[in-house]
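Inside the fold
Read off the chains here:
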Amino acid sequence: MAIPMAQKKRERGFLDGQFLIAMPGMFDTNFARTVIFICAHSDDGAMGFILNRPQQLTFADVLMHLEILDEDEAIRLPAMTRDFQIQTGGPVETGRGFVLHSDDYLSDSSIPVSDDICLTATLDIVRAISRGEGPHRATMMLGYAGWGPGQLEAEITQNGWLTCPAHEELIFDKALGDKYDRALALMGVSPAMLSIDAGHA
């Protein structure tokens, strides 16, 4: 699985490692009330992952689809592994899997996206997680969010998004239902304070 990002050794854009929090006037239903972690931002565009959209597939479903385990083996997975969370990372390439994770797990294909968080999109990390040998903190995303050159900057200027530094606790928090409100709270903002015409942070 190729990762749609620049090479590993790259200069970080000013939105790398930031949260995007959708404003109430977000016109694209793919992103209404979403919190997005930006992994790569440059003159070529940006990519990131939605952090608060559940995915109906289970980790066992993924393992069976990839033929890493058969159905009998999947049933016998430890509860912690079986309950490993899968999320909808965005509307682009929704059949492709990506794992955001703590930097205690690294493979040749792992890409650092912040000081403490890496991205791996190869089967080695999926196999490691299935064996209970994966990173301490991780979440798997199906698909990603992508923007072309200048597109995200324009959306921010048009008050489509608020931005703030990302918090690792919120990235890996499994409680998705109120993550939008909690992301706003990091900025001292409540949803009631926002309007379509509000400025961006």
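Our structure's up above, just so we're on the same page.
First things first, this report covers the structure right here in the doc. On a predicted model such as this, the values are computed, not experimentally measured, just so you know.

1. Description of the overall build of the protein
Tallying secondary structure elements over the protein gives seven helices and nine strands in all. Relative to the compact-globule value of 17 Å for 201 residues, the protein shows a C-alpha radius of gyration of 17 Å, a close match. Reported as C-alpha extents along the three principal axes, the dimensions of the protein are approximately 55 × 35 × 25 Å. Relative to its full complement of 201 residues, the protein shows a buried share of 48%. By sequence separation, contacts in the protein at least 24 residues apart represent 70% of the contacts at least 6 residues apart. In the structure as shown, the protein presents an accessible area of about 10000 Å², 51% of it carried by carbon and sulfur atoms. Charge centroids of the protein, computed over 15 positive and 28 negative side chains, lie 3 Å from each other.

2. Brief notes about the pairing of strand 3 (residues 45-50)
Here strand 3 lies mainly inside the structure; six of its six residues are buried. Where strand 2 (residues 35-42) and strand 3 come together, six bridges link them in antiparallel fashion. Looking at strand 3, one finds that serine 42 is bridged to glycine 45. In textbook terms, the turn of a hairpin is the stretch between consecutive antiparallel strands, and for strand 2 and strand 3 this stretch comprises two residues. Examined bridge by bridge, strand 3 and strand 8 (residues 138-147) share three bridges and lie antiparallel to one another. Paired with methionine 47 across the strands is glycine 146, a residue of strand 8.

3. Here's the deal with the pattern of salt bridges
Applying the stated criterion across every chain, the model contains seven salt bridges. Of the charged contacts in the structure, one is a salt bridge between arginine 33 and aspartate 181, with a shortest N-O distance of 3.5 Å. Within this pair, whereas arginine 33 is found in the loop between strand 1 (18-22) and strand 2, its partner aspartate 181 is found in helix 7 (residues 179-186), the two being separated by 148 residues in sequence. Look at arginine 33 and you get partly exposed, because its relative accessible area is 44%. We note a salt bridge from arginine 137 to glutamate 169, for which the minimum N-O separation is 3.0 Å. Taken together, the residues arginine 137 in the loop between helix 4 (123-130) and strand 8 and glutamate 169 in helix 6 (residues 168-172) connect sequence positions 32 residues apart. A single salt-bridge network, built from bridges that share partners, covers Arg137, Glu168 and Glu169.

4. Observations concerning the packing of aromatic side chains
Within the structure shown, the criterion is met by seven aromatic pairs. The interplanar angle of 80° and the centroid separation of 6.3 Å between the aromatic rings of tryptophan 147 and tryptophan 161 together place this pair among those described as edge-to-face. A residue pair is termed long-range when its members are at least 10 positions apart, and tryptophan 147 in strand 8 and tryptophan 161 in strand 9 (residues 161-165) qualify at 14 residues. Neither residue differs from the other here; tryptophan 147 and tryptophan 161 are each classed as buried. Clustering of aromatic rings is evident, with ring pairs tying together Phe31, Trp147 and Trp161.

Conventions and cut-offs
- Residues numbered from 1 in each chain as written.
- Predicted model: local features only at pLDDT ≥ 70, side-chain atom pairs only at ≥ 80, totals over all residues.
- Heavy atoms only, no water.
- Helix = DSSP H or I, 4+ residues; strand = E, 2+ residues; numbered from the N terminus.
- Rg over C-alpha atoms; globule rule 2.2 N^0.38 Å.
- Buried < 20%, exposed > 50% of the residue type's maximum accessible area, 1.4 Å probe, protein only.
- Contact = heavy atoms within 4.5 Å.
- Areas by Shrake-Rupley, 256 points an atom, 1.4 Å probe, with all protein chains shown as cover.
- Lys, Arg positive; Asp, Glu negative; His and termini not counted.
- Charge placed at Lys NZ, Arg CZ, Asp CG, Glu CD.
- Pairing = 2+ DSSP bridges.
- Salt bridge = Lys/Arg side-chain N within 4 Å of Asp/Glu carboxyl O.
- Phe/Tyr/Trp six-rings, centres within 6.5 Å; stacked < 30°, edge-to-face > 60°.

These values are about where atoms sit, not about what they do.
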